[in-house]
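Inside the fold
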Amino acid sequence: MTMDNQQNTPEELAALELYHQLANLSDETADRALLLTLRMPNGRYVGDVWLSRQDVEGLTDSSLGLAMVKADHGQQAEPLLDVDANDIADVIAEAESFLTDGGI
């Protein structure tokens, strides 16, 4: 949230991560069904995000799934794995190798 030398709190970093994930969700040419404004609990502005109808529906379904998992386990759902571009490239290379070898 700051561009200077001041450190962001874990909450601010989480808010920025959410903002960037949402901002990259809908293509700029997609319909604009919903505008979300993200703010911190103290009212500090994080950003605005346009979402397409399809992405709003996907987020709604995903939120429902997360709530159901949490209810089933009676606890917070585990965070998703932290996957980077190298991990993705490794999986693709392994799949290509597997298919090149005839799937054996």
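Throughout what follows, the structure given in this document is the object of discussion. (Residues numbered from 1 in each chain as written. Predicted model: local features only at pLDDT ≥ 70, side-chain atom pairs only at ≥ 80, totals over all residues. Heavy atoms only, no water.)

What follows deals with the overall build of the protein chain. A tally of regular secondary structure across the protein chain gives three helices and two strands. Sequence-ordered secondary structure for the protein chain, helices as α and strands as β, is α-β-β-α-α. Taken over 104 residues, the protein chain has a buried fraction of 14%. The long-range fraction of contacts in the protein chain, counting pairs at least 24 apart against all pairs at least 6 apart in sequence, stands at 37%. Roughly 8,700 Å² of accessible area belongs to the protein chain as shown, and the carbon and sulfur atoms make up 55% of that amount. (Helix = DSSP H or I, 4+ residues; strand = E, 2+ residues; numbered from the N terminus. Buried < 20%, exposed > 50% of the residue type's maximum accessible area, 1.4 Å probe, protein only. Contact = heavy atoms within 4.5 Å. Areas by Shrake-Rupley, 256 points an atom, 1.4 Å probe, with all protein chains shown as cover.)

What follows concerns the nonpolar core. Membership of the largest hydrophobic core is limited to eight residues, which are A15, L16, L22, L38, M40, V46, V49 and L51. Those elements that place two or more of their residues in this core are α1 (10-23) and β2 (45-51). In this structure L51 touches L22, L25, S26, D31, R32, A33, L34, L36, V56 and L59, once residues within four positions along its chain are discounted. (Core = buried A, V, L, I, M, F, W, Y, C linked by side-chain atoms within 4.5 Å.)

On the surface, a cluster of negative charge is made up of E17, D82, D84, D87, D90 and E94. Take the negative patch: its biggest share by element is three residues, from helix α3 (residues 85-100). Structurally, the position occupied by E17 is in helix α1. For E17, a relative accessible area of 46% corresponds to the partly exposed category. (Patch = residues over 30% accessible without salt bridge, like charges linked within 9 Å, V, L, I, M, F, W, Y side chains within 5 Å. Salt bridge = Lys/Arg side-chain N within 4 Å of Asp/Glu carboxyl O. Lys, Arg positive; Asp, Glu negative; His and termini not counted. Charge placed at Lys NZ, Arg CZ, Asp CG, Glu CD.)

What follows deals with α3. Taking 1.5 Å as the rise per residue, α3 with 16 residues should run 22 Å; its terminal C-alpha atoms sit 22 Å apart, in good agreement. Remark: G102 follows α3 within two positions and exhibits a positive phi of approximately 85°. (Expected span 1.5 Å × (residues − 1).)

Moving on, we get to the side chain of S52. Along the chain, S52 turns up in the loop between β2 and α2 (53-73). In terms of polar contacts, S52 uses its side chain to reach the side chain of D55, at 3.1 Å. Not counting residues up to four positions away in its chain, the partners in contact with S52 are S26, A30, D31 and A33. (Polar contact = N/O pair within 3.5 Å; in protein donor to acceptor, adjacent residues only side chain to side chain.)

Over its 21 residues, α2 runs 31 Å from end to end, which matches the ideal 30 Å to within 8%, given 1.5 Å per residue. Looking one or two residues past α2, G74 carries a phi angle of roughly 60°, positive in sign.

All right, on to the pairing of β2 then. Pairing between strand β1 (residues 34-39) and β2: six bridges, direction antiparallel. Looking at the pairing, L38 lines up with G47 of β2. The antiparallel pairing of β1 with β2 creates a hairpin that spans five residues between the two strands, and G43 there sits at a positive phi of about 90°. (Pairing = 2+ DSSP bridges.)

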